[in-house]
Amino acid sequence: MRLLTQSGPTLAEHEAMHGRLTLPPRVQLLDAVEAAGLLGRGGAGFPTARKMRTVGAGKHPAVLGNACEGEPASRKDVQLLTRHPHLVLDGLAVAAAAVGAKDVHLALHADSPALPVLRAALAERRQPVTLHEVPRRYTASEETALISFVNTGTAKPLFTPPRPFEQGIAKRPTLVNNAETLAHLALIARHGPAWFREVGDPEEPGTLLLTVDGAVVEVPSGRPLRQVADLGGKQAVLVGGYFGTWISVAQAHEVTLTHRDLRAAGGALGAGIVLTLPAGSCGLVETARVAAYLANENAGQCGPCFNGLPAIANAVRALAVGPWDEATMVALDRWLGVVPGRGACHHPDGAVRFVLSALAVFAQDVAAHRAGHPCAGAHAASVLPVPRRGAA
Amino acid sequence: MRLRVNPIECAAHGLCAELLPEWVSLDEWGYPAVDDQPLPAQLVKDAKRAAAACPTLALKLLHD
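Residues numbered from 1 in each chain as written. Chains lettered and ligands numbered in written order. Predicted model: local features only at pLDDT ≥ 70, side-chain atom pairs only at ≥ 80, totals over all residues.

Some details on the overall build of chain B
Now for step 1: Scanning chain B from terminus to terminus reveals two helices and four strands.
Now for step 2: Going residue by residue from the N terminus, the α and β elements of chain B occur as β-α-β-β-α-β.
Now for step 3: Relative to the compact-globule value of 11 Å for 64 residues, chain B shows a C-alpha radius of gyration of 10 Å, a close match.
Now for step 4: With the C-alpha coordinates aligned to their principal axes, the bounding extent of chain B is approximately 30 × 20 × 15 Å.
Now for step 5: For chain B, with 64 residues in total, the buried portion stands at 28%. (Helix = DSSP H or I, 4+ residues; strand = E, 2+ residues; numbered from the N terminus. Rg over C-alpha atoms; globule rule 2.2 N^0.38 Å. Buried ≥ 20, exposed ≤ 12 C-beta atoms within 10 Å, placed from the backbone.)

Structural notes on the sheet that holds strand 4 (residues 174-178) of chain A
All names here are of chain A.
Now for step 1: As summarised here, the arrangement of the four strands in space is 3-2-1-4, forming an open sheet in which the pairing is parallel. Looking at the sheet topology across the chains shown, the edges are occupied by strand 3 (130-134) and strand 4. Averaged over all adjacent pairs, the angle separating strand axes in this sheet is 20 degrees, with direction ignored.
Now for step 2: Pairing of strand 1 (residues 62-66) with strand 4, which is carried by five bridges, proceeds in the parallel orientation. Across the sheet, the residue bridging to A62 is T174, located in strand 4. (Pairing = 2+ DSSP bridges. Axes fitted to C-alpha atoms, helices over the stretch in contact; angles between N-to-C directions.)

Observations regarding the interface of chain A and chain B
Now for step 1: Contacts between chain A and chain B engage ten residues on the former and nine residues on the latter.
Now for step 2: Here the side of chain A that touches chain B takes three residues from helix 13 (residues 303-321) of chain A, the largest share from any one element. (Contact = placed C-beta atoms within 7 Å.)

Section: the sheet that holds strand 8 (residues 215-220) of chain A
All names here are of chain A.
Now for step 1: Pairing within the open sheet is mixed, and its five strands lie in the order 8-7-11-9-10. Strand pairing shows two members of the sheet lacking a second neighbour, strand 8 and strand 10 (245-248), which therefore form its edges. Along the sheet, successive strands turn relative to each other by an average axial angle of 30 degrees, direction set aside.
Now for step 2: Sheet topology note: the strand 7 (residues 207-212)/strand 11 (residues 273-278) ladder contains two bridges and is parallel. Bridge pairing in strand 11 links V212 to V274.
Now for step 3: Sheet strands touched by helix 15 (residues 347-361): strand 9 (234-239) and strand 10. Its angle to strand 10, the strand with the most contacts, is close to 20 degrees.

Everything listed here is a matter of geometry and, on its own, says nothing about what the molecule does.
Next comes the structure, spelled out in structure tokens:
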């Protein structure tokens, strides 16, 4: 365990475990992050050093730590932040040093249990970090929505370009890094790139924080999925959360936990979320619930999204529990084709990808439902967590 | 040049599809779907007119 150690949350305990952070010179730091090959842990898996070099080349850059963890089935960032807040704050210091930023921000959900822990941790340090309490909506923690929240108080995605690395907080080029990415930076600055690469897949090195059926684990990247998730008696696996995709159990037995492998399987590692669906459940009913959640969570800005996602969600529900008619299926196919790529952010694209993967992986169930045989699992207990609407 | 819609600004007036049907189609809710390939030279003039006519200025002509 590198991140999730036995260390307590105080600065003294943190420094007893990891040693005090001394920041190397900027050039050396950038080279170390690049040599480490760290990929962002927020979902996209973009090389952190490349983002840093771009932002660092601009004028008066800013840094924004994203600790919102918008995926309902993800728990890894809140675990990391509540158990080891100083790792993330060290990471913010490293990121700021690497790009030469004096303006440093950290965004969390307003109801996050990590908020008091971070406040206490900041009180132990001399580090100017502005905390932002973001509303708990799915699209509110998309990076341009966070930039908008910091700039204007409205957490809704923006039209791009400009991307945050071009123009973000107060129009400054802004480095946005996920909380786990920051924690890895804290350790790369201490131990160097060779140490970082000692574990994990050579192309995507280091450890990963995963949330597997609600439990947080830290494993080296590249580990077979079947070793971290219990696939016995399961019918499918959702990887990457609600921005991800369903894969079959047969695929789940084959893949390793890398962006490369999961993409090749038509899935996504995303922010490290793995959810297994028991044999007795109905994948279509589960998908319909999540599709309705994603539809409700649209930001109300883009016509194809605020019209298309509710239409898609209603059709998936009709497919799952009826009443079923063939015209709905024809319309669903059309909507799944016309909606993606037409929002300001990728929310509609993610929702469509999620539904498309369900229609592929649960194709037999789709056929059964269409033939008028909804499965017994339609009334099984819900597996995928969906926040209540209106919850803070 | 390419045509892009800012979907946040777009309010489904539909003028773009009237003025540039070769490149813009409307979905069933009235929002435009725009071909994101480079515009053929003979359409650039009409594309400029469509962009200027958009009541919310959501239609943008971008230089490659």
